[in-house]
Amino acid sequence: MLASKDNNTQAEEVYEPNTARPADSVYKVDQLNLWYGQDQALKNIELEIPEQQVTAIIGPSGCGKSTFIKTLNRLTEMIPSVKTTGGIYYRNQDIFDKKYKVELLRTKVGMVFQNPNPFPKSIYENIVYGPKIHGIKDKKVLDEIVESSLKGAALWDEVKDDLKKNAFGLSGGQQQRLCIARCLAVEPDVLLMDEPTSALDPISTLKIEELVQDLKKNYSIIIVTHNMQQAGRISDNTAFFLNGEVVEYDRTDKIFSSPDDKRTEDYISGRFG
């Protein structure tokens, strides 16, 4: 049995990895609670995220979707008022353990945000930024990383002759795929996507959705989306969040065709949210 602890204070008790967990589980979230000051944003979240599948997080605005996904690579702890209890295990390792290096976690668990955020650098320099930080200096190796990452993000054919151009010259959809390529350059295991298409036009959205389907062959993807049709199209599993709690979590086809909770049915059918 896991004992709860405040992850923002020193404590003698620490979580021990549950080695009995199925090997195909990339994340296990156990009794996760999170507060912004006195306001509780997440309440007793328990989820197990399978690998090499797309897991969608849906729910109305302010229900805790983005907060949850940001806890998975410890971005929320950058906010001084945040306090968490409970456990998050990535590959059987407690990410809140004081010995677990956040830099390693964020290398293995990449993040793509709602609005494209390329660096004010060339396309090439955007991609090699992470590998250079990790000590890769060989130009030939960096060139190979750039090509493979851009191909992985379905962007290579569009920019291969313009690698020296500033990334801000790309369209919004291209910038978002560049940000995905930047994540791929450091060889992550998981991709977190926080409403990655909400600022894009329909054509760019379709390209990102097609890309997500292709990427799940090699990566585990967790995506927050407010678009019910998108969740139904691209995800294997769906978790419905409401008021900081997980109301229901199941295979996407089950959630959308015959949910167990009436609140899930009401949200998906557009009765609220």
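Note that the structure is predicted; figures quoted are calculated from it, not measured.

Cut-offs used in this document
- Residues numbered from 1 in each chain as written.
- Predicted model: local features only at pLDDT ≥ 70, side-chain atom pairs only at ≥ 80, totals over all residues.
- Heavy atoms only, no water.
- Helix = DSSP H or I, 4+ residues; strand = E, 2+ residues; numbered from the N terminus.
- Rg over C-alpha atoms; globule rule 2.2 N^0.38 Å.
- Buried < 20%, exposed > 50% of the residue type's maximum accessible area, 1.4 Å probe, protein only.
- Contact = heavy atoms within 4.5 Å.
- Areas by Shrake-Rupley, 256 points an atom, 1.4 Å probe, with all protein chains shown as cover.
- Lys, Arg positive; Asp, Glu negative; His and termini not counted.
- Charge placed at Lys NZ, Arg CZ, Asp CG, Glu CD.
- Polar contact = N/O pair within 3.5 Å; in protein donor to acceptor, adjacent residues only side chain to side chain.
- Expected span 1.5 Å × (residues − 1).
- Arc of directions from axis to C-beta.
- Pairing = 2+ DSSP bridges.
- Axes fitted to C-alpha atoms, helices over the stretch in contact; angles between N-to-C directions.
- Core = buried A, V, L, I, M, F, W, Y, C linked by side-chain atoms within 4.5 Å.
- Parallel < 35°, antiparallel > 145°, perpendicular 65-115°, else oblique.
- Left-handed = near helix turned anticlockwise from the far one by under 90°.
- Nonpolar A, V, L, I, M, F, W, Y, C, P; charged D, E, K, R; others polar.

Helix and strand counts for the protein stand at 10 helices and 10 strands. Expected size for 273 residues packed as a compact globule is a radius of gyration near 19 Å; at 19 Å, the protein falls within 12% of this value. Counting only C-alpha atoms and orienting by the principal axes, one finds that the protein spans roughly 55 × 45 × 35 Å. Counting all 273 residues of the protein, 51% fall into the buried class. Long-range contacts, defined here as pairs at least 24 residues apart, represent 69% of the contacts in the protein between residues at least 6 apart. Summed over all atoms, the accessible surface of the protein reaches about 13300 Å², with 49% contributed by carbon and sulfur. Looking at the protein, you have 34 positive and 40 negative side-chain charges, and the mean spots of the two groups are 5 Å apart.

Before going further, it helps to examine the side chain of Ser235. With respect to the helices and strands, the residue Ser235 is situated in the loop between helix 8 (228-234) and strand 9 (237-242). Looking at Ser235, the relative accessible area reads 9%, which means it is buried. In terms of polar contacts, Ser235 uses its side chain to reach the side chain of Thr238, at 3.3 Å. Side-chain polar atoms of Ser235 contact the side chain of Thr252, separated by 2.7 Å. In this structure, Ser235 is in contact with Val54, Ala56 and Thr252, ignoring residues within four places of it in sequence.

Turning our eyes to something else, we now look at helix 4 (residues 139-152). Between its first and last C-alpha, helix 4 extends 20 Å over 14 residues, near the 20 Å set by a 1.5 Å rise per residue. All buried positions along helix 4 are accounted for by Leu142, Ile145, Val146, Ser149 and Leu150. On an axial view of helix 4, the arc spanned by its buried residues comes to 115 degrees, and they lie on one face. Against helix 3 (123-133), helix 5 (156-159) and helix 6 (172-184) lie the buried residues of helix 4. The N-terminus of helix 4 is capped by Asp138, whose side-chain oxygen sits 2.9 Å from the backbone nitrogen of Lys140. Ala154 lies just past helix 4 and shows a positive phi near 55 degrees.

What follows is about the sheet that holds strand 7 (residues 190-194). Spatially, six strands are ordered 6-7-8-3-9-10 in an open sheet, and the strand pairing comes out mixed. Of all strands in the sheet, those bounded by a partner on one side alone are strand 6 (109-112) and strand 10 (245-251). In this sheet, neighbouring strand axes are inclined to one another by 15 degrees on average, regardless of whether the strands run parallel or antiparallel. The sheet contact formed by strand 7 and strand 8 (residues 220-224) spans five bridges and is parallel. Directly across from Met193, in strand 8, lies its bridge partner Ile223. Of the strands in this sheet, strand 6 and strand 7 touch helix 6, which is tilted by about 170 degrees from strand 6.

Among the nonpolar cores identified, the biggest contains 42 residues, and Leu150 and Ile180 are the most heavily contacted of them. Among the elements that make up this core, the one with the highest residue count is helix 6 (five residues). Residues in contact with Leu150, not counting those within four places in the same chain, are Ile123, Ile127, Leu155, Trp156, Val159, Leu163, Leu178 and Ala181. Judged by nonpolar contacts, the second largest core, of 31 residues, contains Leu47, Ile69, Val224 and Ala239.

Attention now moves to the packing of helix 6 against helix 7 (residues 202-215). As a packed pair, helix 6 and helix 7 sit with axes 9 Å apart at the nearest point and diverge in direction by 20 degrees. In terms of axis orientation, helix 6 runs roughly parallel to helix 7. When you trace helix 6 past helix 7, the crossing you get is right-handed. Here helix 6 contributes Gly173, Gln176, Arg177, Ile180 and Leu184 to the contact with helix 7, which in turn contributes Ser204, Lys207, Ile208, Leu211 and Leu215. Grouping the constituent residues of the contact of helix 6 with helix 7 by class yields five nonpolar, three polar and two charged.

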